[in-house]
Amino acid sequence: MYTLADATWPQVNRGTVLLVPVGSLEQHGPHLPFDTDTTIATAVTQGVAERLAEQGAPAWVAPPIAIGSSGEHQSFAGTVSIGSDALHLVVVELVRSARTWAERVVLVNGHGGNAAALTSAVNQLAFEGQSACWLPCRTEEFDLHAGRTETSLMLHLRPESVRLALAEPGDTRPLAEILPAMRAGGVAAVSANGVLGDPTGATAEEGAEALALMIEQTTMDVLVPGGVAVG
């Protein structure tokens, strides 16, 4: 595994790709841990690195950015957020540093609330001539937050951290329908338990299938030139 934290500097060849998981430390209902997004983003990133190595394009995996922009969850105790401005700055400085030896930096994002900061940071970096992009883990294509997909993924990745007996439905309406209320009052305005979706029925098998799809799609996005937008 190409894990940067475990490597020594002579092992790191200049001109390689650096993959950076980006997550959050935020509530995920009464049944999932605060680091759910970080755990999923890290698993996807590690899977992508394995796929790239199989195709002769090895990349290094950085430690995750484990606290992101989660202001919409701040009503729930335990949530820790650095906000969009700070995340923007962290990403810009991280990429500037890594690009002194890496050909490209790819940020693999596990939390939708990070999108604005990642987009603005990558756009600034593009203006500076830096080669960087961000990719979503695409859990939103399955459900929104702490629902069946994320619960299944965590049952597959870290089942000991899932309190399955406490899993219960939250607000199951589409994002477009609840977004105005969320923008005004955060997740708590639409879901008292912090869940957007229905986690009941989640299984580790579904999680394994979802993870494989996410790894496949993200790997394709990394490999296909022009297949990744900067913003």
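Residues numbered from 1 in each chain as written. Predicted model: local features only at pLDDT ≥ 70, side-chain atom pairs only at ≥ 80, totals over all residues. Heavy atoms only, no water.

Draft legend 1. The arrangement of the side chain of histidine 145 in detail. Counting through the fold element by element, histidine 145 comes out in the loop between strand S4 (132-136) and helix H4 (148-157). Here glutamine 27 takes part through its backbone oxygen, which lies 2.9 Å from a polar atom of the side chain of histidine 145. Each residue touching histidine 145, except ones within four places of it in the same chain, is listed here: Glu26, Gln27, His28, His73, Glu150, Gly194, Val195, Leu196 and Gly197. (Helix = DSSP H or I, 4+ residues; strand = E, 2+ residues; numbered from the N terminus. Polar contact = N/O pair within 3.5 Å; in protein donor to acceptor, adjacent residues only side chain to side chain. Contact = heavy atoms within 4.5 Å.)

Draft legend 2. Examining the packing of aromatic side chains more closely. Inspection of every chain in the model, using the stated rule, returns one aromatic pair. Aromatic pair tyrosine 2 and tryptophan 60: ring centres 5.6 Å apart, planes at 85 degrees, arrangement edge-to-face. In this pair, tyrosine 2 is assigned in the segment before strand S1 (16-22) and tryptophan 60 in strand S2 (residues 59-61), connecting sequence segments 58 residues apart. On the basis of relative accessible area, tyrosine 2 is assigned to the partly exposed category, the value being 33%. (Phe/Tyr/Trp six-rings, centres within 6.5 Å; stacked < 30°, edge-to-face > 60°. Buried < 20%, exposed > 50% of the residue type's maximum accessible area, 1.4 Å probe, protein only.)

Draft legend 3. Main features of the environment of proline 169. Mapping proline 169 onto the fold places it in the loop between H4 and helix H5 (175-185). On the accessibility criterion, proline 169 (42% relative accessible area) is partly exposed. Among all residues touching proline 169, those that are not within four sequence positions of it are Asn193, Val195, Gly197, Asp198, Pro199 and Thr200.

Draft legend 4. Expanded view of the packing of helix H1 (residues 36-54) against H4. Interaxial distance between H1 and H4 falls to 10 Å at its minimum, and their mutual angle equals 65 degrees. Considering the angle they form, H1 stands roughly perpendicular to H4. When the axes of H1 and H4 are compared, the crossing they make is left-handed. For the pair H1 and H4, the contacting residues are Thr36, Asp37, Thr39, Ile40 and Ala43 in the first and Glu150, Leu153, Met154 and Leu157 in the second. Among the residues forming the contact of H1 with H4, the class breakdown is five nonpolar, two polar and two charged. (Axes fitted to C-alpha atoms, helices over the stretch in contact; angles between N-to-C directions. Parallel < 35°, antiparallel > 145°, perpendicular 65-115°, else oblique. Left-handed = near helix turned anticlockwise from the far one by under 90°. Nonpolar A, V, L, I, M, F, W, Y, C, P; charged D, E, K, R; others polar.)

Draft legend 5. Structural detail: the environment of methionine 182. Following the sequence through the fold, methionine 182 ends up in helix H5. By relative accessible area, methionine 182 is classed as buried at 14%. Sequence separation between methionine 182 and threonine 219 is 37 residues; the distance between their C-alpha atoms is 32 Å. Excluding its chain neighbours within four sequence positions, the residues that come into contact with methionine 182 are Leu175, Val187, Val190 and Leu196.

Draft legend 6. Main features of the pattern of salt bridges. Taken as a whole, this structure holds five salt bridges when the rule is applied. Of the charged contacts in the structure, one is a salt bridge between arginine 96 and glutamate 93, with a shortest N-O distance of 3.0 Å. Of this pair, arginine 96 and glutamate 93 both sit in helix H2 (residues 83-98), three residues apart, roughly one helical turn. Looking at glutamate 93, the relative accessible area reads 40%, which means it is partly exposed. Between arginine 148 and glutamate 206 there is a salt bridge, with its nearest N and O atoms 2.4 Å apart. In this pair, arginine 148 is assigned in helix H4 and glutamate 206 in helix H6 (residues 204-223), connecting sequence segments 58 residues apart. Since its relative accessible area comes to 33%, arginine 148 is described here as partly exposed. Its relative accessible area of 30% is what places glutamate 206 among the partly exposed residues. (Salt bridge = Lys/Arg side-chain N within 4 Å of Asp/Glu carboxyl O.)

Draft legend 7. Inspection of H4 at higher detail. When you tally the buried positions in H4, you get seven out of 10 residues, the bulk of the element. Three or more residues of H4 are buried, namely Thr149, Glu150, Thr151, Ser152, Leu153, Met154 and Leu155. Close packing links the buried residues of H4 with H1 and H6.

Draft legend 8. Representation of the layout of surface pockets within the structure. Looking at the largest pocket, its volume works out to about 450 Å³. Along the wall of the largest pocket there are 20 residues; nearest its centre are Glu72, His111, Gly112, Gly113 and Met182. Taken together, the elements giving at least two residues each to the lining of the largest pocket come down to helix H3 (115-127) and H5. Residue contributions to the lining of the largest pocket peak at four residues, all from H5. (1 Å grid on protein atoms, 1.4 Å probe; cavity = no way out; pocket = protein on both sides within 12 Å on 5 of 7 lines; lining within 4 Å. Points joined across faces, edges and corners; volume = space filled by probe spheres on them.)

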